[in-house]
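These are the residues of each chain, in order.
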Amino acid sequence: QVRLVESGGGLVQAGGSLRLSCATSGRTFSSYAMGWFRQAPGKEREFVAVISRSGGATNYTDSVKGRFTIFRDNAKNTVYLQLNSLKPEDTAVYYCAAAPGQSLVVATTLYHYWGQGTQVTVSS
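Described below are features of the structure shown in this document. Small disclaimer: the values here were computed from a predicted structure and weren't measured.

Here we look at the overall build of the chain
Looking only at helices and strands, the chain features zero helices and 11 strands. Reading the chain from its N end, one meets helices and strands in the order β-β-β-β-β-β-β-β-β-β-β. For a compact globule of 124 residues, the expected C-alpha radius of gyration is about 14 Å, and the chain comes in at 13 Å, within 12% of that figure. C-alpha extents for the chain along the principal axes are approximately 40 × 25 × 25 Å.

If you want it as structure tokens, here you go:
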């Protein structure tokens with residue numbers, strides 16, 4: 001079992017920045033692709049970003065490319081999501097998730113473990 005705990009969410013003005021962290025338990029962190037997803041009120045959960053097991057490859061949804069950066073520290077069992085140039089439409093609960101033995105996957109069904117989420121609110 002893998003436990004994921006997100007932190008770093010909050011209220012920020014449009015154009016501002018936040019850094020989300022996702023700390024994981026267990027000793028197999030480097031065997032998981034790690035993803036970030038978000039869910040806005042009344043909408044389905046959507047893919048935001050994913051990073052490969054080694055951290056050498058990443059993928060982003062088009063709406064965040066150039067603004068968000070995903071990175072990981074395998075020594076600290078932690079994955080991060082740097083959010084820059086935030087927009088009101090980025091407002092959502094952000095979740096991290098772990099996909100065992102996978103690469104750059106975007107489908108939620110391939111992620112076995114999920115955190116509880118952290119709220120990001122961007123005011124205009």
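Once you've had a look at it, read on.
What about the environment of Gln116?
Relative to the helices and strands, Gln116 resides in the loop between β10 (113–114) and β11 (118–123). You can call Gln116 partly exposed: its relative accessible area is 49%. Between the C-alpha atoms of Gln116 and Tyr95, which are 21 residues apart in sequence, the distance is 6.7 Å. Contact partners of Gln116, with chain neighbours within four places excluded, come to Leu4, Val5, Glu6 and Tyr95.

Let's talk about the pairing of strand β7 (residues 68–73)
Of the two faces of β7, only one is covered, namely that formed by Phe68, Ile70 and Arg72; the face formed by Thr69, Phe71 and Asp73 stays uncovered. The pairing of β7 with strand β8 (residues 78–83) spans six bridges and is antiparallel. Within the sheet, the bridge partner assigned to Arg72 lies in β8 and is Val79.

Focus on the sheet that holds strand β3 (residues 18–24)
The four strands lie next to each other as β1-β3-β8-β7, forming an open sheet whose pairing is antiparallel. Edge positions in the open sheet fall to β1 (4–7) and β7, since each of these has one partner strand only. Strand after strand, the sheet turns through a mean of 15 degrees between neighbouring axes, direction not considered. Pairing geometry for β3 and β8, over six bridges, is antiparallel. Looking at β8, one finds that Leu20 is bridged to Leu81.

Regarding the pattern of salt bridges
Opposite charge on two side chains permits pairing when their charged atoms draw close. Using the criterion set out here, one finds four salt bridges in the structure. Residue Lys65 pairs with Asp62 through a salt bridge whose shortest N-O separation is 3.0 Å. When its relative accessible area of 61% is taken as the criterion, Asp62 is described as exposed. For Arg67, the salt bridge goes to Asp90, with nearest N and O atoms at 2.7 Å. Of the two residues, Arg67 sits in the loop between β6 (58–60) and β7 while Asp90 sits in the loop between β8 and β9 (92–100), which places them 23 residues apart along the sequence. Owing to a relative accessible area of 1%, Asp90 belongs among the buried residues under this scheme. Salt bridges sharing common partners tie together Arg38, Glu46, Arg67 and Asp90.

The rules behind the values
- Residues numbered from 1 in each chain as written.
- Predicted model: local features only at pLDDT ≥ 70, side-chain atom pairs only at ≥ 80, totals over all residues.
- Heavy atoms only, no water.
- Helix = DSSP H or I, 4+ residues; strand = E, 2+ residues; numbered from the N terminus.
- Rg over C-alpha atoms; globule rule 2.2 N^0.38 Å.
- Buried < 20%, exposed > 50% of the residue type's maximum accessible area, 1.4 Å probe, protein only.
- Contact = heavy atoms within 4.5 Å.
- Pairing = 2+ DSSP bridges.
- Axes fitted to C-alpha atoms, helices over the stretch in contact; angles between N-to-C directions.
- Salt bridge = Lys/Arg side-chain N within 4 Å of Asp/Glu carboxyl O.

That is the geometry; function is a separate question.
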